[in-house]
Structures are given as C-alpha cells and as structure tokens.
Amino acid sequence: MNPEVRGLIVKREDGSEIVNYDNPTFPSYIYDGWVAPHVTWERVPHFHEDVEIVAVKSGNMAYSVNGRTVNLRPGDTIFVNSNQIHYSICVDDEVAKYVIFVVHPSILQSSVLVEMQAIRPIIENKDLGYIRFFKNNEYAEDVFNIMMGLPEIRGDAFAVTKNLFMLWDYILKGAARYYIIEEEQTVDPRMHLFKSMMFFISESYKDNITLSQIADSAHISKSLCNNLFNQFVGESPINYVMHFRCRKVAEYLRSSNMSLSDIAMITGFNGVSYMSEVFKKFFESSPTEYRKKWASI
C-alpha cells in the first residue's frame, strides 16, 4: 500500500479509481474499516474495474449503487460489480464498522475457460449492479464468515486467492438466485455521461466552473446534467462541486499543517471566510474544529 495516498481517491484519465492495493504486485485491498458522519470517505462517488465486497460488523450503513440506496445492517454483505458508480453512506448518525475487500477479478483467471464460464458472466452483466446478501438469507452467513477472516490473511496472496474463489462461488449462486428479484437493477445507459462529468469536476474543481461547463463536458443539456446528478448522487451539479472542494479541504486539514488561507487558495475558494461557511454546511464544524478533532484521533 502506498501511504501517500491512503484514504484518497486517485483517478485514471477515464475517471476510474486507481485502487491503493495492499501490495502493488497483487490487485487486492482488504481493510477493517468504519464510516461515521461527515468523514471524507463517505458519499464519495467513484467507480473502478475491481469488484467491491463489504460486510457490516456493527452499526447500520448504506451503499449507493448507480443511484439506488441499499441499506445494510450487521451481518449483511454487499457485492458491488465492476465499473458501477457507488459510495458508502452513514445512516442514523452512528458509526458503522465493516470489512471491505476490493479486488480485481483477474486474480480468478486461471484459464480462458474459467474466465468465460465464471467471471465474464458476472462482470460483463450490465443488469447486475450489485448483490445484497441479507443476514438471514441463504449463503449470507458463509459469505460473512469468509469476509470476517480476510483481515488476518491480507498479506498472503495464496490465501486471499483461495478465499476469493470461495466468495465467487457464492456470488455466482447469488446472481442466479437473488439479483433478478431486485427492482430497477438495469443500469442506466447514460451512466457513462455522468462518469465523464465526475471526471471533469475532479480535474477542474479548483476553477470557477459553471453548470454549462459541466454539461458541456459530457455534451449534454444543462437540464439533463441536473437530472443525472440528482439521480446518481442526490444533489445538484454545483452542490456536488462545493461538496467535492470541501472533501479536499478536509483531506488537507487531516494530513497537513497548511494554513487555512493556503488550503482555501488551492481548493478553489475565494478566502477563508467563504471556505469556512461552505465547509460547515457539509461537515457541521468549522475547519479549525475539524482539524482539532482529527488531531486527537
């Protein structure tokens, strides 16, 4: 794992996330994590070629997948398919703890036959955004138990591969049994337009970008731009830009000793006062209070 980008979302030119793997030579990331109100990794829309599996240990949380909110409780596990727009959500203003496993499916490609029979039918299925394993459903306990054991073997490539094969068997079974009964699983064909606008914002957030520029980055109307942002992230494009800037502010507050004026300048705000006003809207504390809080954790 590269400690310089720990906790940050780094993107390729197409806007997809570059996952900070535990070992750069083995495409797997395992973390015993948590989400709480107003942390910087909550509600951060992103996508990647890797699949993502999250098992909830305690507390309630949710995942947004392609604009649909999936509620998760202790004992539940969610599988998010490759290249889906997704993010974690804190609910009930409480801390939720989980184990997350982000892994590239190429680990499973021991042969062309395996790829064709077991991998492509999942990752290339445009109607399969996610599979939710409810605590009391068939396979859920087995999936959850495998997930709970992953943090102990995160440095063992063979053991991780073996456990991924076991998980994938349940994913295949779950895809056949569960996902077809979920409503609105079909992926919106306009998702690639939203991905384009996400990437434009991530590259241009420091500038005074307008709604017209955001819409133009995907060659669509301002009306459709608004509709897509409300669909996929539940906020307007301009609000998303402000939220994005504030997450960057929070990252600098946690990871550096930079002054507030310097942080305001490099995150696109016109002064500390305005930055503080907008920051408090999203994080419910001033930048100074936020920095003090995280310094004590």
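Note: the structure precedes this text.
Note that the structure is a prediction, hence the values are computed from the model and not measured.

Colleague: Could you clarify how one ought to interpret the sheet that holds strand S7 (residues 77-80) in this entry?
Modeller: Each strand in a sheet pairs with its neighbour through backbone hydrogen bonds, running either in the same direction (parallel) or in the opposite one (antiparallel). The 5 strands are arranged S3-S9-S4-S7-S10 in an open sheet whose pairing can be described as antiparallel. Strand pairing shows two members of the sheet lacking a second neighbour, strand S3 (28-35) and strand S10 (130-133), which therefore form its edges. Put simply, the sheet's adjacent strands are angled 15 degrees from each other on average, direction ignored. With 4 bridges joining them, strand S4 (residues 51-58) and S7 adopt antiparallel strand pairing. Pairing of Glu-52 across the sheet is with Val-80, part of S7.

Colleague: What's the story with unusual backbone geometry in this structure? I'm lost.
Modeller: In terms of backbone geometry, most residues other than glycine have negative phi values and most peptide bonds are trans. With a phi close to 55 degrees, Asp-93 is a non-glycine residue in the positive phi region. In this structure, Asp-93 sits in the loop between strand S8 (86-90) and strand S9 (96-103). A positive phi is found at His-219, a non-glycine position, where the angle reads about 60 degrees. With respect to the secondary-structure elements, His-219 resides in the loop between helix H5 (211-217) and helix H6 (222-232).

Colleague: Got a minute to help me understand the pattern of salt bridges in this structure?
Modeller: Side-chain pairs of opposite charge can arise where the charged atoms are in close proximity. By the definition in use, this model includes 7 salt bridges. With a closest N to O distance of 3.0 Å, Lys-57 and Asp-32 form a salt bridge. With a gap of 25 residues between them, Lys-57 in strand S4 and Asp-32 in strand S3 connect regions that are remote in the sequence. A salt bridge links Arg-120 to Glu-124, with the nearest nitrogen and oxygen atoms 3.7 Å apart.

Colleague: Is there a simple way to think about the pairing of S7 in this case?
Modeller: On a regular strand, each side chain points to the face opposite its neighbour's, so the side chains alternate between the two faces of the sheet. Neither face of S7 is left uncovered, since the one carrying Thr-77 and Phe-79 and the one carrying Ile-78 and Val-80 both have all their residues buried. Sheet topology note: the S7/S10 ladder contains 4 bridges and is antiparallel. Looking at the pairing, Phe-79 lines up with Ile-131 of S10.

Colleague: How should I be thinking about the environment of Asp-169 in this particular structure?
Modeller: Looking at the element boundaries, Asp-169 is found in helix H3 (residues 157-177). Since its relative accessible area comes to 36%, Asp-169 is described here as partly exposed. For the pair Asp-169 and Ala-118, spaced 51 residues apart in sequence, the C-alpha to C-alpha distance is 8.6 Å.

Colleague: I would appreciate a short explanation of the sheet that holds S8 in the present structure.
Modeller: Pairing is antiparallel in the open sheet, where 3 strands are placed in the order S6-S5-S8. Because the sheet does not close on itself, it has two edges, and the strands there are strand S6 (68-72) and S8. Neighbour to neighbour, the strand axes of the sheet diverge by 25 degrees on average, direction disregarded. Across 5 bridges, strand S5 (residues 61-65) lies against S8 in antiparallel orientation. Residue Met-61 lies in a different strand from S8, and its bridge partner there is Cys-90.

Colleague: For this particular structure, what's the right way to read the packing of aromatic side chains?
Modeller: Summed over all chains, the structure comprises 16 aromatic pairs. When the ring of Tyr-139 is compared with that of Tyr-170, the centres are 5.8 Å apart and the planes differ by 45 degrees; the resulting orientation is tilted. Here Tyr-170 lies in helix H3 and Tyr-139 lies in the loop between S10 and helix H2 (140-149), a separation of 31 residues in the sequence. Judged on exposure class, the residue Tyr-139 and its partner Tyr-170 are both buried. Ring geometry for Tyr-290 versus Trp-294: centroids 5.9 Å apart, planes at 40 degrees, classification tilted.

Cut-off values and rules
- Residues numbered from 1 in each chain as written.
- Predicted model: local features only at pLDDT ≥ 70, side-chain atom pairs only at ≥ 80, totals over all residues.
- Heavy atoms only, no water.
- Pairing = 2+ DSSP bridges.
- Helix = DSSP H or I, 4+ residues; strand = E, 2+ residues; numbered from the N terminus.
- Axes fitted to C-alpha atoms, helices over the stretch in contact; angles between N-to-C directions.
- Salt bridge = Lys/Arg side-chain N within 4 Å of Asp/Glu carboxyl O.
- Buried < 20%, exposed > 50% of the residue type's maximum accessible area, 1.4 Å probe, protein only.
- Phe/Tyr/Trp six-rings, centres within 6.5 Å; stacked < 30°, edge-to-face > 60°.

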